[in-house]
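Chain and residue survey
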Amino acid sequence: MNSKNWELDPSKFLSRKDADLLLAAVNAQVESGNRIAVRDCFIIRLGLATGLRVMEIAALKCDDFSFEDNIPSLVVKNGKGRKRRRVFFNIAFKNRCKEYLGWKLSIGESITPDQPLFLSSTTGNHLTTRAIQKVFKKCARKAGLSPHYSIHCLRHTYACFLLKASNWNLRLVQKQLGHSKITTTQVYADVMAPDIKIALEKLTL
């Protein structure tokens, strides 16, 4: 990605309202008892909780998670540029990961270390990036979101929310997203400028 030419605008990430609508839609599908909906819900939550690229989501295996450390995490073994990185996440998502792995066992899917996290019922291998993109489109449609959104908006949404939650810690966001240059991460700070303005207006000296 050439950060000099790339711009992020509000049409490329979800507002808090739209993110909540998306999560409500996938949760409703799970409650309906639909088996595929459990997998689809976890894909959406994974994207929002980690900011992984779709190719990184598709490549995950069941042993890529670490729950025993002080901060739970997962390992991206072959990210963009063939780079390896560790991505940390919170306790709430750790619990959802364990629930998902337990669900896989309950339906007869293996969770041995070399097995795909998202299994294709057609090929018996990893779910493809195209299939994961279709999962997002289906979930977004059920949530009533604009059809222009792609699954990559989950990564942008995660980055914007994390930047704000971390008190504008660009280095943290850079490491989590796996950006090689801080200038790429800076794009997220630029689009969050209204929040910075509000914070500065509250500053009293």
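You'll find the structure just up there.
Scope of this entry: the structure provided in the associated data block. What you see is a predicted model, and the numbers here were worked out from it, not measured in a lab.

Another point: the side chain of lysine 104. In this fold, lysine 104 is placed in helix α4 (residues 91-106). Beyond its immediate stretch of four places on either side in the chain, lysine 104 contacts Cys62, Glu109, Ser110, Ile111, Pro116, Leu117 and Leu119.

Time to look at the nonpolar core. Of all hydrophobic cores here, the largest spans 45 residues; its most connected members are Leu22, Ile44, Leu74, Leu117, Phe118, Phe136 and Leu154. Residue assignment for this core shows that the elements contributing at least two residues are α1 (16-31), α2 (35-50), α3 (54-59), β2 (73-76), α4, α5 (129-142) and α6 (152-165). Top element by residues in this core is α2. It accounts for 8 residues. In contact with leucine 117, not counting residues within four places along its chain, are Phe42, Leu60, Lys61, Cys62, Phe65, Tyr100, Leu101 and Lys104. Membership of the second largest hydrophobic core comes to 15 residues, among which are Phe13, Tyr158, Ala159 and Cys160.

Attention now goes to α4. In this model, α4 (16 residues) spans 23 Å end to end at C-alpha, consistent with the 22 Å of a helix rising 1.5 Å per residue. All of the buried residues in α4 are Phe93, Lys94, Cys97, Tyr100, Leu101, Trp103 and Lys104. Among the residues of α4, the N-terminal cap falls to asparagine 90, whose side-chain oxygen and the backbone nitrogen of alanine 92 are separated by 3.4 Å. In the segment just after α4, glycine 108 is the residue with positive phi, at about 90°.

Summed over the entire model, instances satisfying the criterion amount to 8 aromatic pairs. Ring geometry for phenylalanine 42 and phenylalanine 118: centres 6.0 Å apart, planes at 45°, overall tilted. Here phenylalanine 118 lies in the loop between α4 and α5 and phenylalanine 42 lies in helix α2, a separation of 76 residues in the sequence. For the pair phenylalanine 42 and phenylalanine 118, a shared accessibility class is recorded, and that class is buried. An aromatic cluster of three or more residues is present, and its members are Phe42, Phe65, Phe67, Phe89, Phe93, Tyr100, Trp103 and Phe118.

Take unusual backbone geometry next. One non-glycine residue, arginine 82, adopts positive backbone phi at about 60°. With respect to the helices, strands and loops of the structure, arginine 82 is situated in the loop between β2 and β3 (85-88). Given a relative accessible area of 74%, arginine 82 falls into the exposed group. Phi angles above zero are rare outside glycine, and asparagine 167 is one such case at about 60°.

Right, let's get into α1. Counting along an α-helix, one turn takes 3.6 residues, and residues three or four places apart therefore face a common direction. Over its 16 residues, α1 extends 22 Å from the first C-alpha to the last, a length consistent with the 22 Å expected when each residue adds 1.5 Å. For α1, the complete set of buried residues consists of Asp18, Ala19, Leu22, Leu23, Ala25 and Val26. Buried residues in α1, looked at end-on, bunch into an arc of 155°, giving them a common side. Summarising the geometry of α1, the exposed residues directed more than 90 degrees from the buried face are Arg16, Lys17 and Glu31. Residues of α1 that are buried make contact with α2, α5 and α6. Directly after α1, the chain includes glycine 33, whose backbone phi takes a positive value near 90°.

The rules we used
Residues numbered from 1 in each chain as written. Predicted model: local features only at pLDDT ≥ 70, side-chain atom pairs only at ≥ 80, totals over all residues. Heavy atoms only, no water. Helix = DSSP H or I, 4+ residues; strand = E, 2+ residues; numbered from the N terminus. Contact = heavy atoms within 4.5 Å. Core = buried A, V, L, I, M, F, W, Y, C linked by side-chain atoms within 4.5 Å. Buried < 20%, exposed > 50% of the residue type's maximum accessible area, 1.4 Å probe, protein only. Expected span 1.5 Å × (residues − 1). Polar contact = N/O pair within 3.5 Å; in protein donor to acceptor, adjacent residues only side chain to side chain. Phe/Tyr/Trp six-rings, centres within 6.5 Å; stacked < 30°, edge-to-face > 60°. Arc of directions from axis to C-beta.

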